[in-house]
Amino acid sequence: MNTTTTKSATEPNRSLFSIRRILLMLRHYALLHRTSWLIGLLVIVLVPITIMLLIIIFVSDPSVFMNNQSKSGWLTIYTIAGLLLTSNLFIDIHKPGQSWFTLTLPASPGKKYWSAWLISGPIYTIVAMLVIFGLSIITGLFRTVFDVSFTLFNPFTSEVMRQIMIYHIFHALFLWGAVWWNKLSFLYSLLLVVAILASGVLLIFLSVQAIEFILPDNYLIDLGSPFYESGLRIATSLLWLFSWLFFLFWGADCYARKERLS
Amino acid sequence: MLHINSINFGFPVLNLGLFKKPLLFENLSVNIEQNKVYGLFGLNGAGKTTLLNLMAGLLFPKSGSCVFKGVSLQERAPSSLDDLFFVPDQFDLMAVRGNDFLNQYAPFYSRFSREEFDRIAGLFDLSLEEKLTHLSYGQKKKFLIAFAFATGASLLLLDEPTNGLDIPSKSQFRKVLASADLVNRSVIISTHQVRDLAQSIDHTLILDKGNIVLDSSISTLSESLAFKTLPDSHPDLTKCIYSEQVLGGYKAITTKNGHADMSDPVDLELLFNAAINEQVKLNEAILEVQV
């Protein structure tokens with residue numbers, strides 16, 4: 001029998017902000033999903049290396065394949081893997097056999113939810129960027145064998161930053177979906193994204209039709225003009241920001257109201 | 001300690017507005033006091049597990065409130081969750097070793113005592129090196145019971161704690177309950193197996209059709225009611241509150257009428273049947289003595 005004494009949390013329980021409890025919640029999520037995350041990481045690391053090796057073994061002139069730049073591929077994998085991870089993050093609160101434990105763990109619903117956001121958003125992004133950087137070194141080494149020039153992955157380019165921003169906006173919706181739907185939350189969230197985008201396109205189309213109907217025939221809107229372009233950019237940015245905050249806080253509210261399933 | 005005030009609760013059903021599902025609890029109120037071991041009894045489907053879920057803050061009432069030490073359980077405040085532990089009847093544990101589980105989750109509980117956990121785990125003969133998912137249902141339950149007592153929570157909610165326990169473990173569980181420090185602490189045990197815990201309980205709550213039909217301490221019951229085995233055609237049978245035919249006579253509950261009467265200890269099975277079938281007579285008899 002192990003008789004070592006477990007360290008107990010000594011902070012006041014009523015404190016609104018407790019780093020220790022947030023760290024414990026992060027460890028809880030890591031412990032709960034460690035197998036699937038490890039498998040995912042291994043797949044992401046081993047698949048490209050295996051493909052590289054297969055190319056070297058079976059293709060007569062591998063340098064043709066080695067010339068392809070893979071940055072956008074990595075970023076796509078980063079986004080899809082992250083959204084999959086996010087969708088499964090609250091899998092325990094949808095199972096009657098497990099939800100009682102997570103929901104009664106002594107941490108506020110806010111800490112539980114925002115810890116989940118932290119691990120699947122910023123922390124996941126940092127880890128993913130480090131993994132992609134590591135992979136770019138490995139694939140770069142393969143390329144040098146075939147005298148193909150390569151550039152190391154730089155996470156601080158505008159393209160990567162834009163993709164990280166896009167990921168975080170969709171991440172908020174998928175995090176909300178992970179709380180809202182009891183099963184198949186990735187699929188349902190994806191369908192919701194498609195529905196929202198389709199509604200947006202329809203709304204814009206109808207708005208344009210309505211404006212054309214209202215305006216006189218000889219009146220032309222120059223969408224390419226700086227006035228309209230900057231206006232559109234600001235409106236789009238605000239819409240993205242609003243969507244991000246809306247799903248993020250709606251998710252937090254849903255988590256706080258989550259009950260045990262019977 | 002825990003006040004349940006006029007709660008209404010029912011499970012949501014998809015009924016297209018044609019049928020109204022009756023509420024499981026309508027205007028239900030219960031007060032849980034400190035330093036007591038409560039026995040929560042009820043027929044299947046009476047709502048015992050639902051009531052425990054409400055007490056743990058896992059379900060929210062439609063109206064009314066569940067307040068634990070001045071804080072609504074609906075808030076799921078860390079201070080409440082740190083001071084309350086629920087052991088459900090049906091549960092899954094993580095695929096981690098017992099020691100890893102303790103290292104991860106014990107720090108959430110500010111009063112967790114590893115020494116207390118080891119003491120109870122020793123009584124239950126638990127192995128902490130095995131993965132929790134590899135343990136049998138009974139072993140998992142014993143692990144969780146040990147964890148619950150070690151948290152130092154002042155309210156323990158145990159749903160069918162002896163379900164799945166073998167005969168020696170049931171006896172060990174009674175020892176754990178008897179040896180646990182119950183100062184400023186209460187335990188609510190929901191069970192069908194009345195005989196397993198008859199000696200451990202000092203307050204009974206009997207739930208029937210969404211209502212608490214009996215809420216009384218064992219000492220009050222002992223003072224007011226006499227549990228007897230009477231032969232056929234005994235004159236007391238006509239005056240008793242409730243009786244059941246057994247081999248060679250009747251088991252009956254009668255009033256003590258204020259004087260010390262020789263009788264058997266409180267028979268929880270008989271009391272339960274009386275509360276379900278003769279709740280008005282039973283409560284009147286208890287009230288009469290209390291007044």
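All residue numbers here refer to positions counted from 1 along the written sequence of the relevant chain. Key to labels: chains lettered from A, ligands numbered from 1, both in the order written. The model is predicted, so local features are restricted to residues of pLDDT at least 70 and side-chain atom pairs to those at 80 or more, both for listing and for counting; the totals for chains, interfaces and linings are taken over all residues. Side-chain calculation: all heavy atoms of the structure are included, whereas hydrogens and water are not.

Moving on, we get to the overall build of chain B. Looking only at helices and strands, chain B has ten helices and 13 strands in total. Only the C-alpha atoms count toward the radius of gyration. The rule for a globule is 2.2 Å times the residue count to the power 0.38. What you see for chain B is a C-alpha radius of gyration of 21 Å, in line with the 19 Å of a compact globule of 291 residues. When the backbone C-alpha atoms are referred to their principal axes, chain B occupies close to 65 × 50 × 35 Å. Relative accessibility under 20% of the residue-type maximum defines a buried residue, over 50% an exposed one, and the middle range a partly exposed one, all with a 1.4 Å probe and only protein chains included. The buried share among the 291 residues of chain B stands at 56%. By the criteria applied, helices consist of DSSP H or I runs no shorter than four residues and strands consist of E runs no shorter than two, each listed in order from the N terminus.

The next thing to look at is the confidence of the model for chain B. As a per-residue measure, pLDDT tells how confident the predictor is, with possible values from 0 to 100. When pLDDT is averaged along chain B, the result is 86, and 93% of the positions lie at 70 or above. Both scores are available for the predicted complex, with the pTM at 0.85 and the ipTM at 0.85.

Residues and elements named next belong to chain A. Positionally, Ser 87 belongs in helix H3 (residues 71–87). Using a relative accessible area of 5% as the deciding quantity, one classes Ser 87 as buried. Taking the C-alpha atoms as reference points, Ser 87 and Ser 243, 156 residues apart in sequence, are found 18 Å from one another. For Ser 87, the side chain forms a polar contact with the main-chain oxygen of Leu 83, separated by 2.9 Å. Any pair of nitrogen or oxygen atoms within 3.5 Å is treated as a polar contact; in protein, a donor-acceptor pairing is required on top of that, and neighbouring residues in sequence qualify only through side-chain atoms on both sides.

When checking whether two residues touch, look at their non-hydrogen atoms; a contact exists if any pair is within 4.5 Å. On the chain B side, the residues contacting the 41 residues of chain A number 43 residues. Note on definitions: buried area is the accessible-area loss of two parts on being combined, 1.4 Å probe, summed for both. Interface area, chain A with chain B, both sides summed: about 3700 Å², of which 59% is carbon and sulfur. One speaks of a salt bridge when a side-chain nitrogen belonging to Lys or Arg is within 4 Å of a carboxyl oxygen belonging to Asp or Glu. Here chain A and chain B share zero salt bridges between them. Connecting chain A to chain B are twelve residue pairs in polar contact (both at pLDDT 80 or more). Listed by contribution, the elements that provide at least two residues to the side of chain A that touches chain B are helix H1 (19–58), helix H4 (96–104), helix H5 (109–145) and helix H8 (226–256) of chain A.

To continue, consider the pairing of strand E12 (residues 242–246) of chain B. Residues and elements named next belong to chain B. As defined by bridge partners, E12 adjoins strand E13 (residues 249–255) across five bridges and the pair is classed as antiparallel. The residue of E13 that forms the bridge with Tyr 242 is Ile 253. A strand pair is defined by DSSP finding two or more bridges across the two strands. As consecutive antiparallel partners, E12 and E13 are separated by two residues, and within that stretch Gly 248 has a phi angle of approximately 85°, a positive value.

The next point concerns the packing of aromatic side chains. Here a ring pair, both rings aromatic, is described through the centre-centre distance and the interplanar angle of the planes. Residues and elements named next belong to chain A. Whether two aromatic rings pair depends on their centres lying within 6.5 Å, for rings of Phe, Tyr and Trp, where Trp uses its six-membered ring; planes under 30 degrees apart make the pair stacked, over 60 edge-to-face, and the rest tilted. Using the criterion set out here, one finds 39 aromatic pairs over all chains in the structure. Ring geometry for Phe 170 versus Trp 240: centroids 6.0 Å apart, planes at 65°, classification edge-to-face. Pair noted here: Phe 170 is in helix H6 (residues 158–180) and Trp 240 is in helix H8, with a separation of 70 residues, a long-range link. Judged by relative accessible area, which is 36%, Trp 240 ranks as partly exposed.

All names here are of chain B. Following the sequence through the fold, His 203 ends up in strand E9 (residues 203–208). Under the relative-accessibility criterion, His 203 is labelled buried at 8%. Here the side chain of His 203 touches Asp 215 through a polar contact of 2.6 Å, side chain to side chain. Among the polar contacts listed, one links the side chain of His 203 to the backbone nitrogen of Ser 216, at a separation of 3.4 Å.

Residues and elements named next belong to chain B. Scanning the entire structure with this criterion turns up eleven salt bridges over all chains. The residue Arg 97 makes a salt bridge to Asp 100 at a minimum N-O spacing of 3.3 Å. You can call Arg 97 partly exposed: its relative accessible area is 29%. In this structure, Lys 209 engages Asp 208 in a salt bridge whose closest nitrogen and oxygen atoms are separated by 3.8 Å. When its relative accessible area of 71% is taken as the criterion, Lys 209 is described as exposed. For Asp 208, a relative accessible area of 7% gives the class buried.

Here we take up the sheet that holds strand E5 (residues 71–72) of chain B. Residue and element names in this part refer to chain B. Judged by pairing direction, the sheet is antiparallel, and its four strands sit side by side in the order E2-E1-E4-E5 without closing on themselves. Every other strand in the sheet has two partners, leaving strand E2 (25–32) and E5 as the edge strands with one partner each. Direction of pairing for strand E4 (residues 63–68) relative to E5: antiparallel, over a ladder of two bridges. Bridging from a neighbouring strand, Val 67 pairs with Ser 72 of E5.

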